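# A look at the structure
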Amino acid sequence: MSHAAQAYARTSQATSNPREIEAQALLMAARKLQDVQTNWAGPDQNMQKALLFNRRLWTIFMSAAEANDNPQPLEIRQNIANIGCFVMQRTIDMQLNPDPSMLKPLIDINCNIAAGLAGRA
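Source: prediction; values computed, not measured.

The next thing to look at is the packing of aromatic side chains. Scanning all chains against the criterion turns up one aromatic pair. An angle of 85° between the planes, with centres 5.3 Å apart, marks the rings of Trp58 and Phe61 as edge-to-face. Of the two residues, Trp58 and Phe61 are both situated in helix H3 (residues 45-66); the distance of three residues between them amounts to about one turn of the helix. Given a relative accessible area of 10%, Phe61 falls into the buried group. One residue, Lys32, lies across the ring of Phe53, its end atom 5.0 Å from the ring centre.

In structure tokens, the structure reads:
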């Protein structure tokens, strides 16, 4: 099981509300990315780990959005897939041309979606 999936599973044991679990996972990813941005030391292992965690989390979200048994309306599922595509592209861009300012959109997306999931939008 991937590190992101393990974190997701550990978080799910602490609470029972799936929306809160997803919000917590997104906030964890945002914190990791924020830590890289705040303590920028160039492209290092911390950056790679934070990007990998975020990418794996978004892979889970995108897979769930594409699942035939997903009860969400098609428009919401498409929006999640589109955001996921942006996240994946931004991750690749960050790995090819590391720049701490490129992390801000990823952090903002995670925080904003987490707030919405937790009912704080």
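There is more to say, and it comes next.
Inspection of the secondary structure puts Ala50 in helix H3. Judged by its relative accessible area of 3%, Ala50 falls in the buried class. Taking the C-alpha atoms as reference, Ala50 lies 9.7 Å from Met28; in sequence the two are 22 residues apart. Those residues in contact with Ala50, other than ones at most four positions away along the chain, are Lys32, Leu33 and Val36.

Let us look at the nonpolar core. One finds Leu26, Leu33, Leu51, Trp58 and Leu103 to be the most contacted residues of the largest nonpolar core, which totals 25 residues. Broken down by secondary-structure element, the contributors of at least two residues to this core are helix H2 (18-38), H3, helix H4 (74-96) and helix H5 (103-117). When residues in this core are grouped by element, the largest group, eight residues, is from H3. Residues contacting Leu51, with those up to four places away along its chain left out, are Leu33, Thr91, Met94, Gln95, Leu103 and Leu106.

Before going further, it helps to spend a moment on the packing of H3 against H5. Any two packed helices are characterised by the angle at which their axes cross and by the distance between the axes. Across the interface, H3 lies against H5 with an axial gap of 12 Å and an inter-helix angle of 45°. Here H5 runs oblique to H3, going by the angle between their axes. Pair H3 / H5 crosses with left-handed handedness. Residues Leu51, Asn54 and Trp58 of H3 touch H5, and the partners they reach there are Leu103, Leu106, Ile109, Asn110 and Ile113. Among the residues making up the contact of H3 with H5, the classes are represented as six nonpolar, two polar and no charged.

What counts, and where the lines are drawn
Residues numbered from 1 in each chain as written. Predicted model: local features only at pLDDT ≥ 70, side-chain atom pairs only at ≥ 80, totals over all residues. Heavy atoms only, no water. Phe/Tyr/Trp six-rings, centres within 6.5 Å; stacked < 30°, edge-to-face > 60°. Helix = DSSP H or I, 4+ residues; strand = E, 2+ residues; numbered from the N terminus. Buried < 20%, exposed > 50% of the residue type's maximum accessible area, 1.4 Å probe, protein only. Lys NZ or Arg CZ within 6 Å of the ring centre and 35° of its normal. Contact = heavy atoms within 4.5 Å. Core = buried A, V, L, I, M, F, W, Y, C linked by side-chain atoms within 4.5 Å. Axes fitted to C-alpha atoms, helices over the stretch in contact; angles between N-to-C directions. Parallel < 35°, antiparallel > 145°, perpendicular 65-115°, else oblique. Left-handed = near helix turned anticlockwise from the far one by under 90°. Nonpolar A, V, L, I, M, F, W, Y, C, P; charged D, E, K, R; others polar.

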